[in-house]
Amino acid sequence: MTQDLNQMRDHMLTAIAAASGLDALDACRVEALGKQGTITALLKTLGKMTPDERLVQGPQIQGLREAVANGIAERKATLERAALDARLASETLDMTLPADATPAGTIHPVSQVMDELAEIFADLGFAVATGPEIETDWHNFTALNIPETHPARAMHDTFYLQQGIDAKTAGTADEKTTFSLLRTHTSPVQIRTMLSQKPPIRIIAPGRTYRSDSDATHTPMFHQVEGLVIDKGITLGHLKWTLETFVKAFFERDDIVLRMRPSYFPFTEPSVEIDVGYTLVKGKRVVGGAEPDGWLEILGSGMVHRKVIEACGLDPDEWQGFAFGCGIDRLAMLKYGMDDLRPFFDGDIRWLKHYGFSSLDVPTLSGGVGA
């Protein structure tokens, strides 16, 4: 029996080694280990043997099965590796050849509008300022004259990260708790700019902001642009002229009508909401028109509060300024006819192809900011 098993093993391993392809190897497997295979038939005889015979022949048959199975696995790995090498050799790609098609990527509307804003305000003498998206509550709230009881500080509106001790009051009787958070607006960039630069200051601060909100016109992460001017003798008239110039350039229409409504923001006094007039064209709102059919709120603004100027180490009797802020996503929706904010962040290639911009559509005041 032992001699027969050895001969059987040598015969099967020889056939396995000679298999020229995966199909031939699988035929060897079926012949040896399939339901009707030779080794399978031997395994079925173990139940009819006496305990003594099973003790002797069982390990021999199992050893044969293991040797054949290992041989099949090794030969399969060799054949698969050879097949892969052959495939790689036949599928080489010459990277020096010209592309079959031009790249299909597009510029996201938010990125395009950011470029448009930078182009417009650069012409007005504004620089672009940036700041961290993880802020302290002092920069995000306190320095902007937002009281501790203000609803904007609530946990359900703000993404707080961790709690610590305010370094300015650590170890004193007035020791206070401080928080780090995801900034809820880009106004902290205004604070950091006033702390690090001497006036006069003219900046815009575009960037990502975060609030706990989500619907057709709100997302947990969105984009804002805020503007700040600090100089001597600044009045509300300067703010009005700046915003009128900006809105006309952005929407590329001279018949833009703005309306200023009194409002309240902790960091400006007086504060005003800015509405833009629209006309109805085939049932859709189109910005512009000498005689508006209605009004759309587009941004908030006002004269920088004295307390904010003082918090940044400046004398409010010497320096005055105005600030304004609006949502970049909503500006894009209003200008380019989008009615839902959520697809901005879905990554749907069909939406991006429809609303996206060519990489060559660089905004210029001479050629038009909106390509």
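This report concerns the structure included in the present document.

Scoring rules and cut-offs
- Counting restarts for each chain: residues are numbered from 1 in the order of the written sequence.
- The model is predicted, so local features are restricted to residues of pLDDT at least 70 and side-chain atom pairs to those at 80 or more, both for listing and for counting; the totals for chains, interfaces and linings are taken over all residues.
- Hydrogens are left out, water is left out, and the side-chain values use all remaining heavy atoms of the structure.
- Partly exposed residues are those whose accessible area sits between 20% and 50% of the maximum for their type, while under 20% is buried and over 50% is exposed, using a 1.4 Å probe and protein chains only.
- Working definition: helices are DSSP H or I runs of at least four residues, strands are E runs of at least two. Numbering for both runs from the N terminus.
- Paired strands, in this sense, are two strands between which DSSP finds at least two bridges.
- Salt bridges are defined by distance alone: a side-chain nitrogen of Lys or Arg within 4 Å of a carboxyl oxygen of Asp or Glu.
- Each polar contact in these results corresponds to two N or O atoms within 3.5 Å; when the atoms are within protein, one needs to be able to donate a hydrogen and the other to accept it, and residues that are neighboring in sequence are counted only if both atoms are side-chain atoms.
- The criterion used for residue contact is that any of the two residues' heavy atoms lie within 4.5 Å.
- Here, the term nonpolar core denotes a set of buried Ala, Val, Leu, Ile, Met, Phe, Trp, Tyr and Cys residues that are joined through side-chain atoms within 4.5 Å.
- The angle between two axes is taken between their N-to-C directions and runs from 0 to 180 degrees, where each axis is a line fitted to C-alpha atoms and a helix contributes only its stretch in contact.
- Should an angle lie under 35 degrees it is considered roughly parallel, over 145 roughly antiparallel, and from 65 to 115 roughly perpendicular; all remaining angles are considered oblique.

Our focus in this paragraph is the pairing of strand S10 (residues 294-304). The buried fraction of S10 amounts to nine of the 11 residues, a majority that puts the element mostly inside the structure. As defined by bridge partners, strand S8 (residues 268-281) adjoins S10 across nine bridges and the pair is classed as antiparallel. Looking at S10, one finds that Asp 275 is bridged to Glu 297.

Enumeration according to the criterion identifies 16 salt bridges in this entry. Across the pair Lys 232 and Glu 318 runs a salt bridge, and its minimum N-O distance is 3.4 Å. In this pair, Lys 232 is assigned in the loop between strand S6 (221-231) and helix H8 (236-251) and Glu 318 in the loop between helix H9 (306-311) and strand S11 (320-327), connecting sequence segments 86 residues apart. You can call Glu 318 partly exposed: its relative accessible area is 35%. The salt bridge partner of Arg 342 is Asp 340, with a shortest N-O separation of 2.9 Å. Through salt bridges that share partners, Arg 259, Arg 261, Asp 275 and Glu 297 make up one connected network.

For the bond running from Pro 199 to Pro 200, omega is 10°, close enough to zero to count as cis. Among the structural elements, Pro 200 can be located in the loop between helix H7 (187-196) and strand S5 (201-210). Following Glu 269, the chain continues into Pro 270 via a peptide bond in cis, with omega recorded as 0°. Here Pro 270 is to be found in strand S8. In this structure, Asn 145 takes a positive phi of about 65° despite not being glycine. Along the chain, Asn 145 falls in the loop between helix H6 (137-140) and strand S3 (160-165). Of note, the phi angle at Glu 252 is positive, near 55°, even though the residue is not glycine. Relative to the helices and strands, Glu 252 is located in the loop between H8 and strand S7 (258-265).

The next thing to look at is the side chain of Thr 242. Relative to the elements of secondary structure, Thr 242 occurs in helix H8. The exposure class of Thr 242 is buried, given its relative accessible area of 6%. One polar contact links the side chain of Thr 242 to the main-chain carbonyl oxygen of His 238, over a distance of 2.8 Å. In this view, Thr 242 contacts Phe 121, Leu 124, Phe 126 and Phe 322; residues no more than four positions away in its chain are not counted.

Before going further, it helps to examine the nonpolar core. Leu 117, Phe 246, Val 247, Phe 250, Val 276, Leu 299 and Phe 344 are the most contacted members of the largest nonpolar core, which totals 39 residues. For this core, the element with the highest residue contribution is H8, accounting for six residues. Counting 21 residues, the second largest nonpolar core, distinct from the first, contains Val 189, Val 308, Cys 312 and Ala 323.

The interhelical angle for the contact between helix H2 (residues 22-33) and helix H4 (residues 51-90), taken along N-to-C directions, is 170°, at an axis separation of 10 Å. Our classification of the angle between H2 and H4 gives roughly antiparallel. Contacts between H2 and H4 pair Leu 22, Leu 25, Arg 29, Ala 32 and Leu 33 from the former with Arg 65, Val 68, Ala 69, Ile 72, Arg 75, Lys 76, Leu 79 and Glu 80 from the latter.

Worth remembering: the numbers are spatial, not functional.
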